[in-house]
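Understanding the architecture of this molecule
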Amino acid sequence: MTQAIGATYIPMVGLYTIDCSTVVPDLELTIGGNKVSIPGSDLIVKDDTGMYCFFTIGAMDMGLSMGDSVTLGEELADGVIEQMNKFVGQSALPIPEGYDTWLVGDTFLRKVYTIYDFGENKFGYAKLK
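Scoring rules and cut-offs
Residues numbered from 1 in each chain as written. Predicted model: local features only at pLDDT ≥ 70, side-chain atom pairs only at ≥ 80, totals over all residues. Heavy atoms only, no water. Helix = DSSP H or I, 4+ residues; strand = E, 2+ residues; numbered from the N terminus. Buried < 20%, exposed > 50% of the residue type's maximum accessible area, 1.4 Å probe, protein only. Contact = heavy atoms within 4.5 Å. Areas by Shrake-Rupley, 256 points an atom, 1.4 Å probe, with all protein chains shown as cover. Disulfide = S-S within 2.5 Å. Core = buried A, V, L, I, M, F, W, Y, C linked by side-chain atoms within 4.5 Å. Patch = residues over 30% accessible without salt bridge, like charges linked within 9 Å, V, L, I, M, F, W, Y side chains within 5 Å. Salt bridge = Lys/Arg side-chain N within 4 Å of Asp/Glu carboxyl O. Pairing = 2+ DSSP bridges. pLDDT = per-residue confidence, 0-100. Axes fitted to C-alpha atoms, helices over the stretch in contact; angles between N-to-C directions.

**Side note on the overall build of the chain**
Each helix and strand in the chain was counted, giving 2 helices and 8 strands. Reading the secondary structure of the chain in the N-to-C direction produces β-β-β-β-β-β-α-α-β-β. Of all 129 residues assigned to the chain, the portion counted as buried reaches 22%. Excluding contacts between residues fewer than 6 apart, the proportion of contacts in the chain whose partners are at least 24 apart in sequence is 40%. Accessible surface for the chain amounts to roughly 9,200 Å². Of this, 56% is attributable to carbon and sulfur atoms.

Set out below in structure tokens:
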């Protein structure tokens, strides 16, 4: 997707820059058989100066071992994994090491109602009306 919109990866921050006039296509995610569409316009964020635009989808390799990090984004990802592992007392990743996964954030969460049931260890969501 980043190649199709002419994005340029900035390794120090782990983000892609794009021309602010770029028309980004909508992104559709399917989770548990349910589709959620995120408008392309929601996938672009301007910096405070209005001169630079960033694509809100970043690349993270959640399978790096600590010490192998080369960018700030990878260091942050490793820090999140380390803290999650401490919290649950085991590997918090439900995916094999080295595989890519999606970490959805505010861009996705603004489009749905979310339910976190810690007692039953469940997560749910519903589309906004």
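**Focus: the state of the cysteines**
Per the stated rule, a full pass over the model turns up 1 disulfide. Linked covalently through their sulfurs, Cys20 and Cys53 form a disulfide whose S-S length is 2.1 Å. When the S-S torsion is 110°, as for the bridge of Cys20 with Cys53, the disulfide is right-handed. With a gap of 33 residues between them, Cys20 in the loop between β2 (15-18) and β3 (27-31) and Cys53 in strand β6 (residues 53-55) connect regions that are remote in the sequence. The class of Cys20 is partly exposed, set by a relative accessible area of 29%.

**Re the nonpolar core**
Residues Ile5, Ile18, Val24, Leu43, Phe55 and Phe108 are the most contacted members of the largest nonpolar core, which totals 16 residues. Mapped onto this core, the elements with two or more residues apiece are β2, β3, β4 (34-38) and β6.

**Details of a nonpolar patch on the surface**
Taken together, the side chains of Ile10, Met12, Val13 and Leu15 make up a nonpolar region of the molecular surface, amounting to roughly 330 Å² of accessible area. With respect to the helices and strands, the residue Met12 is situated in the loop between β1 (8-10) and β2. Overall, the relative accessible area of 59% leaves Met12 in the exposed class.

**Side note on the pairing of β3**
Examined bridge by bridge, β3 and β4 share 5 bridges and lie antiparallel to one another. The partner of Ile31 across the bridge, within β4, is Asn34. What sits between the antiparallel neighbours β3 and β4 is a turn of 2 residues, in which Gly32 has the positive phi angle 60°.

**Digging into the confidence of the model for the chain**
Per-residue pLDDT for the chain averages 75, and the proportion of residues at 70 or more is 65%. The model gives residues 64-69 a pLDDT under 50, and that stretch makes 10 contacts with residues more than four places away or in other chains.

**A few points about unusual backbone geometry**
For Asn121, which is not a glycine, the phi torsion comes out positive at approximately 55°. With respect to the helices and strands, Asn121 occurs in the loop between β7 (112-117) and β8 (122-127). With relative accessibility at 73%, the residue Asn121 sits in the exposed group.

**Some details on the sheet that holds β2**
With antiparallel pairing, 4 strands are arranged side by side in an open sheet as β1-β2-β6-β5. Two strands lie at the open edges of the sheet, namely β1 and β5 (44-46), each paired on one side alone. Across the sheet, the axes of successive neighbouring strands diverge by a mean angle of 40°, strand direction being ignored. Here β5 runs beside β6; their pairing, made up of 3 bridges, is antiparallel.

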